[in-house]
Amino acid sequence: MHKVQTQAPETPGRDDIRPLMGNEAIARGAWEAGVKVASAYPGTPSTEILESLARYPAEEISVEWAVNEKVALDIAIGASFAGVRAFCAMKHVGLNVAADALMSQTYIGAHGGLVITVCDDPGIHSSQNEQDTRLFARLAMVPCLEPSDAQEALEFTRLAFELSEEFDTPVIVRSTTRLSHTRSAVRVGERGSAPRKAFVHDPAKSVMIPSHARARHGRLLEREARLRERFAQAPFARIERGRKDIGVITTSVAYTYVKEVLPEASVLKLGASWPLPEALLKEFAESVERLFVVEELEPVIEDELRKLGLRVEGKVWFPRTGELSPEVVRDGLVAAGVLEPPPAEEEALEIEPLVRPPVLCAGCPHMSTYNALRYLDVRVAGDIGCYTLAAIEPLRAIDTCVSMGSSIANAIGMARAGTAEKPIVATIGDSTFLHAGIPPLIDAVYNDVNITVIILDNSITAMTGGQHHPGTGHGIRGNKTHKVEYEDICRAVGVKWVRTVDPYEYGTLLKTLREAVEYKGVAVVIADRPCVIDPVKITGEPLRIDSASCIACQACMNLGCPALTWSDEWHEGHHKVKIEPSLCIGCTVCAQVCPTASIQPERTE
Ligand SMILES: Cc1ncc(C[n+]2csc(CCOP(=O)(O)OP(=O)(O)O)c2C)c(N)n1
């Protein structure tokens, strides 16, 4: 009988089966592989991987949040040079940040096993795009493993370390939101003891100057050829013979959809999507009459098959954007004439879930800053974090948002364009500022640009669920560590005008922001107030609105606080407002913007 556990014991038995999320399984696989150093920067859907690894004993594994993904990868690379197994995790766009290191390290290879888990987000559940990491793997000529469920996520991660050492290469394990966040039964194993190797002084391999790099490029091609052969073997390739007239090549979670929708087809399940086992692809293609490829996002496998001169049907039936699902795969196969359309009454039963629009939390300290910016009528270059929600109703206070850390340099560009009809402000969260905001701040000072930068310091990485960063003074295991001071950083890079304000003090905030935008040069305002999910949050009395004196001006509503809702009462044709006491945290910002002093603590009644 298999044991099903909800809590992870430290020493698992042989038949130890646990309900693990894909991300927990990846962490488990890395731990079982004997990984010694793990680093990551949070990003949905990858964040829980490092959080899970941090639950293993500190004596076994060093687990730390890095300041950004490039730093995370470089730390893992350093540990690999030093001869231990090293791991880093990131979301797909994190690989853009880490790409520079990856593109060189692929030439260098791996001494201690070097594994990078990258979690893609097809369907854009919580990202700025839905790029396909498999294309990156191909560009970097780095093997890319694609588990289809949590069990494979564990096993492939463990195997990735072996591949990395055997083939002298970094290895990417690609997950997706669906896999990372789905929980299923996973058989776990013991922690293996990976050998620690001595540092090898080999500049021709480890120092990428042109003469060394030229020689290494050729080695990559040899490595690619050897990997192709390996990826034709189990567990990276499996043929499941079925109908001869229909064959499907598939990978990752798409495999499970194919099995659900078309269980009778012949299937070639690939566990690695780069480099592809050409001979096996050909052999399978020739063994079936009609060949389909079902893959999420880009036609990576399909293009490879075409290059081999094979007839294949893929993106003509299955979308290149968004997430696949059994329904989407079935629709494609219906359109292709392989399946009959489902009976009409079955379709009538399909219920579309109601999508709840995202909102800032009640009492979120970002609200007052954006409310004040709207009042000041400025051009706002935004950035990525919870505060990006200020772009939508009712705040509508952000004009642009590109990628993490873009805001300050975007503001510089707007100022340099010379067409600004309004003062230019960049808003950036504390984690984002540390991630990629410091170089553009240096640039703004260096080039003497006239912009205001607002650092929204809520002492947490809120967007991804509340992780520590160098500005919180704590590490991933809750350990106390050095806390970065933003004022010191700003002054150190030459900013002359720096002020810190509490965004819950609306009057002071507004006055400070006005002074900042009037200042000629780089002005920095640090809006310092812990996030409402932070343990040191404010817990004031909930407020209430005195309906008799409320004149329905709705100034409080412009804050976008979800604790404020419409009341059933009216004033001169306009809705009055009420406060939901179970949501209100008593921040008092709404009371401060109320012109009739109608908002008071609940207890005064
Ligand atoms: C390159 C990259 N890495 C990670 C993420 C995921 N992510 C989005 S915003 C964010 C940080 C948010 O923290 P902060 O700037 O402090 O703002 P807050 O959400 O706390 O308001 C992260 C990690 C991303 N979108 N892009």
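Reading guide: rules and limits
- Residues numbered from 1 in each chain as written.
- Predicted model: local features only at pLDDT ≥ 70, side-chain atom pairs only at ≥ 80, totals over all residues.
- Helix = DSSP H or I, 4+ residues; strand = E, 2+ residues; numbered from the N terminus.
- Rg over C-alpha atoms; globule rule 2.2 N^0.38 Å.
- Buried ≥ 20, exposed ≤ 12 C-beta atoms within 10 Å, placed from the backbone.
- Contact = placed C-beta atoms within 7 Å.
- Axes fitted to C-alpha atoms, helices over the stretch in contact; angles between N-to-C directions.
- Left-handed = near helix turned anticlockwise from the far one by under 90°.
- Nonpolar A, V, L, I, M, F, W, Y, C, P; charged D, E, K, R; others polar.
- Core = buried A, V, L, I, M, F, W, Y, C linked by C-beta atoms within 7 Å.
- Domains from an automatic or database assignment.
- Pairing = 2+ DSSP bridges.
- Near = placed C-beta within 6 Å.

Asker: How would you summarise the overall build of the chain if you had to cite specific residues and measurements?
Answerer: Counting secondary structure elements, the chain contains 20 helices and 23 strands. A compact globule built from 605 residues would reach a C-alpha radius of gyration of about 25 Å, and the chain, at 27 Å, matches this within 12%. Looking at the chain residue by residue over its 605 residues, the buried ones come to 51%. Looking at the chain alone, contacts between residues at least 24 apart form 74% of all its contacts between residues at least 6 apart.

Asker: Which residues make up the packing of helix α3 (residues 69-81) against helix α4 (residues 92-108), and what are the values?
Answerer: Where α3 contacts α4, the two axes come as close as 7 Å, and the packing angle between them is 35°. Relative to α4, the crossing made by α3 is right-handed. Of the residues in α4, those in contact with Glu69, Lys70, Ala72, Leu73, Asp74 and Ile77 of α3 are Gly94, Leu95, Val97, Ala98, Asp100, Ala101, Leu102 and Gln105. Looking at the contact of α3 with α4, its residues break down into eight nonpolar, two polar and four charged.

Asker: Describe the nonpolar core, and please don't skip the residues or the numbers.
Answerer: Counting residues in each nonpolar core, the largest one holds 102 residues, and the members touching the most others are Ala30, Ala38, Ala40, Ala72, Ala76, Cys88 and Val258. When we break this core down by domain, the ones giving at least three residues each are domain 1 (3-229) and domain 2 (237-341). If near-sequence neighbours (up to four positions away) are discounted, Ala76 is found in contact with Val37, Ser39, Ala86, Phe87, Cys88 and Leu114. Listed in part, the 80 residues of the second largest apolar core include Cys361, Cys364, Leu510 and Cys590.

Asker: Account for the environment of Val173, naming residues and giving values.
Answerer: By the secondary structure assignment, Val173 is in strand β8 (residues 171-176). Judged by the 29 C-beta atoms lying within 10 Å of it, Val173 is buried. Note: C-alpha distance between Val173 and Thr133 (40 residues apart in sequence) is 9.7 Å. Non-local contacts of Val173, meaning those with residues more than four positions away in its chain, are made with Ile26, Val115, Thr117, Leu145, Phe156, Thr157 and Ala160.

Asker: Account for the sheet that holds strand β15 (residues 379-381), with residues named and values stated.
Answerer: Spatially, β15-β16-β17-β19-β18 is the arrangement adopted by the five strands of the open sheet, whose pairing is parallel. The open sheet has two edge strands with one neighbour each: β15 and β18 (497-501). When strand polarity is set aside, the average angle formed by the axes of neighbouring strands in this sheet is 20°. Examined bridge by bridge, β15 and strand β16 (residues 424-429) share three bridges and lie parallel to one another. Note that in β16 the partner of Ala381 across the bridge is Ala426. Helix α15 (residues 366-376) contacts β15, β16, β17 (451-457) and β19 (522-528) of the sheet and is inclined by roughly 160° relative to β17.

Asker: Let's hear about the domain arrangement of the chain: which residues, and what values?
Answerer: Its domain assignment divides the chain into domain 1 (3-229), domain 2 (237-341), domain 3 (366-528) and domain 4 (543-604). Here the C-alpha centre of domain 2 lies 26 Å away from the C-alpha centre of domain 1. The interface is formed by 22 residues belonging to domain 1 together with 20 residues belonging to domain 2. Listed by contribution, the elements that provide at least two residues to the side of domain 1 that touches domain 2 are α5 (133-140), β7 (144-145), α6 (150-167), α7 (177-180) and α9 (210-230). Tallied by class, residues from the side of domain 1 that touches domain 2 come to nine nonpolar, three polar and ten charged.

Asker: Lay out the sheet that holds strand β11 (residues 243-251) with the relevant residues and their values.
Answerer: Across the sheet, four strands lie side by side as β10-β12-β11-β14; this open sheet has mixed pairing. Edge positions in the sheet fall to β10 (237-240) and β14 (290-294), since each has one partner strand and no second. Pairwise comparison of adjacent strand axes, ignoring direction, gives a mean angle of 15° for this sheet. As paired strands, β11 and β14 are joined by five bridges and run parallel to one another. Its bridge partner being in β14, Ile249 is matched across the sheet by Val293.

Asker: I'd like to hear about the site of the ligand, residue by residue, with values.
Answerer: With respect to spatial proximity, 24 residues lie near the ligand, and among them Gly43, Gly385, Gly429, Ser431 and Ala462 are the closest. Elements represented by at least two residues in the shell around the ligand include exactly α4 and α17 (430-446). Among the residues forming the shell around the ligand, the class breakdown is twelve nonpolar, nine polar and three charged.

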